[in-house]
Amino acid sequence: MSEQKYNLVCGLEIHVELNTRSKMFCGCKNDPFEALAPNSFVCPVCLGMPGALPVPNKQAIESTVRLGLALGCSINRHSRFDRKHYRYPDLPKGYQITQYELPFCYGSSLQTSEGPVRLRRIHLEEDTAKLLHAKNKGEESRIDFNRGGVPLMELVTEPDIVSSAQAKEFGKKLRNIILYLGISDADLERGNMRLEASVSLRKEGETALPSYKVELKNINSFGFMEKAIQFEIKRQTALLEHGEQPAQETRGWHEQTGETVLQRSKENAEDYRYFPDPDIPLIELSEELISKLKADIPELQSAKVERWKKEYGIEERYGTLLSEERTEADMWEALFIVLKKDGISVADFVKDVSNKKTLFTAVSSVADIRAHYLAKKSADAPSPEKIAEAVALVISENAKAVADYKAGSEKAIMFLLGQAFKKLQTKLGADLIKEEFLKQLI
Amino acid sequence: MLLDSTIAELRTLLSSKKISSRDLVEEAYGAVEKLNPKLSAFISVRDKKEALLDADRADSSVKGPLSGIPFCLKDAYVTKGLKTTAGSKVLDTFIPPYSASVVQKLVAGGAILIGKNNMDAWGHGSTNENTDYGAVKNPWDITRVAGGSSGGSAVAVATRMSAFAIGEDTGGSIRAPSSMCNVAGLKVTYGRVSRYGSIAYASSLDTVGPMAKSASDIAEVLSVIAGADPKDATSSRREVPAYGALLSKPLAGTRVGIPKEFLAGGLDTEVRRVFEDVVKTFESLGAMIVSVSIPSLAYAVPIYYLIATSETSSNLNRYDGVRFGQSRELFTEETMRRIIVGTYALKAGYHDELYTRATKGRTVLVREFDAVWNTCDILLGPTMPSVPYRFGDLMEDPVKLYLADIFTVPVNLTGLPSLALPAGFSEDGLPIGIQLIGKKFDEATLLSLGYAYERATDWHTKKPNMLS
């Protein structure tokens, strides 16, 4: 039997730690990676001490709504936080403050080369503490609460993803938008962006959702996500071909073996006893705030690439390459503006840069790059003899323009220059060409 | 006794140096040493030397409006460095690393902490029998309960172990013991006083309020503890009125509503007799008595016991038997009952029928109370349906215990303020109290009516015989 028989049904759950100044519900510093010692950024609130109360972080709510607006989501004007109950040593209150029925953002979709992926919701919650498990017998496991209570945004997609490559593309696109908005460092390796894929298979032609799903965790790169999904497709296909239904379970990706491994069976749905957190009043998002947040959203990469194409004629693949990061894209654009003024083709420049014909160090300033590029180009410019020859030819062929120029028309000299560029099949050495015209037309 | 005086009187005596704060603190500790072994009003008493140091400091320089005045706290409030148990052995070894906002405000206002009062564990009770630190005894008859859950605080005020106390009211926990011990107690509007550092029973119902000998003392304390707190998102930014200055607001013409549901069957005949006298007193003071109806009051107890137990099942989840050193096995039977009921009410499949339905019922009650203000300015009713119970009377039957809260829980569900006042005694000399219920954030009107009532009567000056 062929593997073509089954199609992938995949949805993603992506958690992102926001880079707010303070934690989600207290004033502690939100900087777990920079803490000098475990449990140094803690207080009664994030330690879940008796009597402590949560106060929601405005900046975190605004960051979440900004992502929602950037993705075209609908925003719940009235929202709230709920309690999700479970017991684990990394959760000091015995419940996590999250959003259940009324997430800040819902709806919309994100386009990929294999079609749109619908977004179900984006909500905000608190991160758990970090468990440092005992490595050897007799050692104690320890808990570091520096991460406990850090704002954690969760985005959930509909199960629209049909290939591992599309999952990877979606993840990368989302990460790019998050970085453009500047709301998180979105570092997968450090775990401030965490990927979870729910994977199941259905027979080709079927439209109903499969009656099981396997959740994949412990994935800390887009490449691993791709591989984990691919592995899962093979594993589940084999089971299905033997007439077995894959079990509802959570599996972890093992980088060393390149396999997913059972972590926890999920045959019985857990009951989290959600209810609205009575310590936090309902949150109202005003029309005013939403329009302000909307206005704050920077031009995103896809729009930038589109605009570069129009304004500078930059090919999409090159535009995408140079705009991965917002600050870098801004640097490049500053350069484009200067080059365009210099009369140099930005599209050609970008092509050269992208094909590594022109190399710059990361610290190069706009002025340095421009000087470097111009010097290199003038070395490639036509020889003075060729220029003299072409200019003489243009003068002889364009008597009217020559007459206009002599009568004082600025336009005429631009026209003559253009003709010379055509003859020489380059714009390089424009200054020399202009000089040659002035010399020959005296 | 110096501590028979009002806070305003004490302040005058202190500022004219006729007495010292040291005298007050010594007197308070004297009462604690003498009476607490009989009454179990305290779980922890603060080191006397420390309190005396505070007193000496207050005597050398005035710190605030409550400078040099001794007070005590229900053990539900965390106190930095001082054991805080919420009445439960589960927290028997818990020394908090921080102090509740209300404690910080009182200390900044100059008040001097004497100790931490006994209470029903986690606030779970109306009789103060559900404590791991010995049932609190009523100083008017030690064979009877003091009321709960802030029983220790009511007893401490009644027996002059302090000038005032801070109680906590979730379903009547300030008002019930106040009325059973012949003291005044205020359940504030939800959001009026910060809950930060108050060990939660049921977060949407919990309120922090003063207990004292009179309405005027309550006004003094409320002025210090009320107001917004950036650490409590549910605290109100509404301005805090000058409660003391508003006390003499004239009462004449005030429309006092009596919900007819309060006087239906189940009311003890002695309570009814006292209540009828109270109504006459208010009439004689110029109040207009009107009969009103709040039809859904009958549902208040089941609504309350679904919401309060749901919230407490969540709030107590953090006491996992690991972090605070003591096992969950130490939860009392009553606490376990509330955890189980609340867990069940939030369970998938029952959630809509129980928890969600109760929150809808709560909204109905809020609307009915809102509507009542069209016909009156304030409500008047008994605090408890009965005189103080004998030990064990209610503990065997949880339903009976819960029904004792029938008059007190509606204001917690609706967030309204309510002032309990001493109103008389049964033939056996047991205290009976009444409660005034006001509009949201209108504590000033409650206190002014209470003040007028206290000037017309002398119930609030009566002391248990054991003090003489």
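Here the structure is a predicted model, which means the values were calculated and not measured.

S.K.: Describe the overall build of chain B, naming the residues involved and giving the relevant values.
M.R.: When helices and strands are tallied, chain B shows 14 helices and 13 strands. Computed over the C-alpha atoms, the radius of gyration of chain B is 20 Å, within 12% of the 23 Å expected from 2.2 N^0.38 for a compact globule of 468 residues. Projected onto the principal axes, the alpha-carbon positions of chain B cover approximately 60 × 60 × 45 Å. Expressed as a percentage of the 468 residues in chain B, the buried residues total 65%. Of the contacts formed within chain B by residues at least 6 apart in sequence, a portion of 77% connects residues at least 24 apart. Total accessible area on chain B stands at roughly 15,800 Å², and carbon and sulfur atoms take up 54% of it.

S.K.: Now, about the sheet that holds strand S13 (residues 431-437) of chain B: what can you tell me, with residues and values included?
M.R.: Residue and element names in this part refer to chain B. Spatial ordering of the open sheet is given by S1-S3-S2-S6-S8-S7-S12-S13-S11-S9-S10, a layout of 11 strands whose pairing is mixed. Since the sheet does not close on itself, it has two edges, and those belong to strand S1 (42-45) and strand S10 (288-292), each with one partner. For this sheet the average axis-to-axis angle between neighbouring strands, irrespective of direction, equals 30 degrees. Where strand S11 (residues 378-382) meets S13, four bridges bridge the pair, whose relative direction is antiparallel. Of the residues in S13, the one forming a bridge with Gly381 is Gln435. On top of the sheet, helix H7 (residues 215-225) reaches strand S6 (164-169), strand S7 (184-187), strand S8 (207-212) and strand S12 (418-425); it is set at about 140 degrees to S8, its chief contact.

S.K.: Break down H7 of chain B for me, citing the residues and quoting the values.
M.R.: The element H7 of chain B is largely enclosed, with a buried count of 10 among its 11 residues. Regarding H7 of chain B, the residues found buried are Ala215, Ser216, Asp217, Ile218, Ala219, Glu220, Val221, Leu222, Val224 and Ile225 of chain B.

S.K.: Can you lay out the nonpolar core for me, pointing to particular residues and giving the numbers?
M.R.: Among the nonpolar cores identified, the biggest contains 235 residues, and Leu67 of chain A together with Leu106 and Phe164 of chain B are the most heavily contacted of them. The element contributing the most residues to this core is helix H2 (residues 21-39) of chain B, with eight residues. Composition of this core by domain shows at least three residues from each of domain 1 (6-292) and domain 2 (299-380) of chain A.

S.K.: Give a detailed account of unusual backbone geometry, specifying residues and quantitative values.
M.R.: Residue and element names in this part refer to chain B. Across the junction of Gly148 and Ser149, the peptide omega takes the value 10 degrees, indicating a cis bond. Tracing the chain through its elements places Ser149 in the loop between strand S5 (141-145) and helix H5 (151-158). One non-glycine residue, Asn128, lies in the positive phi region at around 60 degrees. Tracing the sequence through the fold places Asn128 in the loop between strand S3 (112-117) and strand S4 (137-138).

S.K.: Outline the pairing of strand S2 (residues 70-74) of chain B, listing residues and values.
M.R.: Residue and element names in this part refer to chain B. The element S2 is largely enclosed, with a buried count of five among its five residues. Where S2 lies against S3, five bridges are found, and the strand directions are parallel. Bridge pairing in S3 links Lys74 to Asn117. Between S2 and its parallel partner S3, the chain crosses via helix H4 (residues 101-108), and the hand of that crossover is right-handed.

S.K.: I'd like to hear about the packing of aromatic side chains, residue by residue, with values.
M.R.: Residue and element names in this part refer to chain A. Applying the stated rule across the entire model yields 24 aromatic pairs over all chains. Each ring, one from Tyr272 and one from Tyr274, has its centre 5.9 Å from the other, and the planes form 70 degrees; the classification is edge-to-face. The same class applies to Tyr272 as to Tyr274, namely buried. Here the aromatic residues Trp308, Tyr312, Trp332, Phe336 and Phe349 are joined through ring pairs into a cluster of three or more. Between the NZ or CZ atom of Lys84 and the centre of the ring of Tyr272, over which it lies, the distance is 4.4 Å.

S.K.: How would you explain the sheet that holds strand S16 (residues 275-276) of chain A if you had to name every residue and give the values?
M.R.: The strands making up a sheet associate through backbone hydrogen bonding, with each pair oriented either parallel or antiparallel. On the basis of which strands lie adjacent, the open sheet formed by three strands has the order S5-S4-S16 (chain A) and antiparallel pairing. Sheet topology places strand S5 (95-98) and S16 of chain A at the edges, where each strand pairs with a single neighbour. Both strand S4 (residues 82-85) of chain A and S16 of chain A contribute to a ladder of two bridges, which runs antiparallel. If you follow Arg83 of chain A over to S16 of chain A, its bridge partner there is Phe275 of chain A. The sheet contacts of helix H9 (residues 300-315) of chain B involve S4, S5 and S16 of chain A, and relative to S4 of chain A the element is tilted by about 60 degrees.

S.K.: Explain the interface of chain B and chain A residue by residue, including any values.
M.R.: Note: interface size is frequently given as the accessible area lost on complex formation between the parts. Chain B puts 35 residues into the contact, and the matching count from chain A is 29 residues. If you sort the residues of chain B by the area they bury against chain A, Asn317, Arg318 and Arg323 of chain B come out on top, with a joint share of 26%. Taken together, chain B and chain A are joined by one salt bridge. Asp279 of chain A serves as the salt-bridge partner of Arg195 of chain B, at 3.1 Å between the closest nitrogen and oxygen. There are 18 residue pairs in polar contact (both at pLDDT 80 or more) connecting chain B and chain A.

S.K.: Give a description of the pattern of salt bridges that names residues and reports values.
M.R.: Using the criterion set out here, one finds 55 salt bridges over all chains in the structure. With its nearest N and O atoms 3.2 Å apart, the salt bridge here joins Asp277 of chain A to Arg83 of chain A. Of the two residues, Asp277 of chain A sits in the loop between S16 and strand S17 (283-284) while Arg83 of chain A sits in strand S4, which places them 194 residues apart along the sequence. Arg83 of chain A matches Asp277 of chain A in its accessibility class, with the two residues each being buried. For Asp54 of chain B, the salt bridge is made with Arg46 of chain B, and the minimal N-O distance between the two is 2.8 Å. Owing to a relative accessible area of 21%, Asp54 of chain B belongs among the partly exposed residues under this scheme. What emerges from the salt-bridge pattern is a single network uniting Glu299, Lys304, Arg307, Glu311, Asp330 and Glu333 of chain A.

S.K.: Lay out the packing of helix H1 (residues 58-70) of chain A against helix H4 (residues 287-295) of chain A in plain terms, naming residues and giving numbers.
M.R.: All names here are of chain A. Following both chains from N to C, one finds H1 and H4 inclined at 65 degrees, their axes separated by 9 Å at the closest point. Between H1 and H4, the angle falls in the class roughly perpendicular. With respect to the hand of their crossing, H1 and H4 are arranged in right-handed fashion. Contacts between H1 and H4 involve Glu62, Val65, Arg66 and Leu69 from the former and Leu289, Ile290, Leu293 and Lys294 from the latter.

S.K.: Give me the lowdown on the confidence of the model for chain B, citing residues and values where you can.
M.R.: Detail in the predicted coordinates should be disregarded across regions flagged by low pLDDT. Put simply, chain B has an average pLDDT of 96, and 100% of its residues get 70 or more. Interface confidence in the predicted complex, given as ipTM, is 0.96; pTM for the same model is 0.91.

S.K.: Go over the packing of helix H10 (residues 384-397) of chain A against helix H12 (residues 410-424) of chain A, please, and point to the residues and values.
M.R.: Residue and element names in this part refer to chain A. Relative orientation of the contacting elements H10 and H12 amounts to 125 degrees, with a least axis distance of 9 Å. What the angle tells us is that H10 and H12 run oblique. Along this stretch, H10 crosses H12, giving a crossing that reads as right-handed. Contacts between H10 and H12 involve Lys386, Ile387, Ala390, Leu393, Val394 and Glu397 on the former and, on the latter, Leu416, Gln419, Ala420, Lys423 and Leu424.

S.K.: Pulling in residues and values, what's your account of the domain arrangement of chain A?
M.R.: Entries for chain A in the domain assignment read domain 1 (6-292), domain 2 (299-380) and domain 3 (384-440). Measuring from the centre of the C-alpha atoms in domain 1 of chain A to the corresponding centre in domain 3 of chain A gives 64 Å.

S.K.: Give me the lowdown on the environment of Leu322 of chain A, citing residues and values where you can.
M.R.: All names here are of chain A. One can find Leu322 in helix H6 (residues 316-322). Distance from Leu322 to Ala407, taken between C-alpha atoms, is 46 Å for residues 85 residues apart in sequence. Residues in contact with Leu322, not counting those within four places in the same chain, are Trp308, Glu328, Ala329, Trp332, Phe336, Val350, Val353 and Ser354.

What counts, and at which threshold
- By convention here, each chain's residues receive numbers from 1 onward along its written sequence.
- Think of it this way: whatever chain is written first is A, whatever ligand is written first is 1, and the rest follow in order.
- Two thresholds apply to this predicted model, a pLDDT of at least 70 for residue-level local features and 80 or more for giving and counting side-chain atom pairs, whereas whole-chain, interface and lining totals are computed over all residues.
- To get the side-chain values, all heavy atoms of the structure are used, and hydrogens and water are removed first.
- By the criteria applied, helices consist of DSSP H or I runs no shorter than four residues and strands consist of E runs no shorter than two, each listed in order from the N terminus.
- A radius of gyration in this sense is built from C-alpha atoms; the matching globule rule multiplies 2.2 Å by the number of residues raised to 0.38.
- Three exposure classes are used, based on accessible area relative to the maximum for each residue type with a 1.4 Å probe and protein chains only: buried under 20%, partly exposed in between, and exposed over 50%.
- The contact criterion used throughout is that any non-hydrogen atoms of two residues lie within 4.5 Å.
- For every accessible area listed, the method is Shrake-Rupley and the probe measures 1.4 Å; residues are considered covered only by the protein chains on display.
- In this scheme, strands are said to pair when DSSP sees at least two bridges between them.
- Here an angle of 0 to 180 degrees is reported between the N-to-C directions of two axes, which are lines fitted to C-alpha atoms, with helices fitted over the stretch in contact.
- Here, the term nonpolar core denotes a set of buried Ala, Val, Leu, Ile, Met, Phe, Trp, Tyr and Cys residues that are joined through side-chain atoms within 4.5 Å.
- For the domain bounds, the source is a domain assignment made automatically or taken from a database.
- Seen with its strands pointing away from the viewer, a crossover is right-handed when the path leading from the first strand over the helix to the second is clockwise.
- Paired rings are identified among Phe, Tyr and Trp, the last through its six-membered ring, by centres lying within 6.5 Å, and are further divided according to the angle between planes into stacked (under 30 degrees), edge-to-face (over 60) and tilted (the rest).
- Working rule: Lys NZ or Arg CZ, within 6 Å of ring centre, within 35 degrees of ring normal, means a charge sits over the ring.
- Take the accessible area each of two parts loses on contact, using a 1.4 Å probe, and add the two losses: that sum is the buried area.
- Should a side-chain nitrogen of Lys or Arg be within 4 Å of a carboxyl oxygen of Asp or Glu, the pair is scored as a salt bridge.
- Under the rule applied, a polar contact is a pair of N or O atoms within 3.5 Å (in protein, one hydrogen donor and one hydrogen acceptor; residues adjacent in sequence only if both atoms are side-chain atoms).
- The labels follow the angle: roughly parallel below 35 degrees, roughly antiparallel above 145, roughly perpendicular from 65 to 115, and oblique for the rest.
- Should the near helix be turned anticlockwise from the far one by less than a right angle, the crossing is termed left-handed; should it be turned clockwise, right-handed.
- pLDDT is a per-residue confidence score from the predictor, ranging from 0 to 100.

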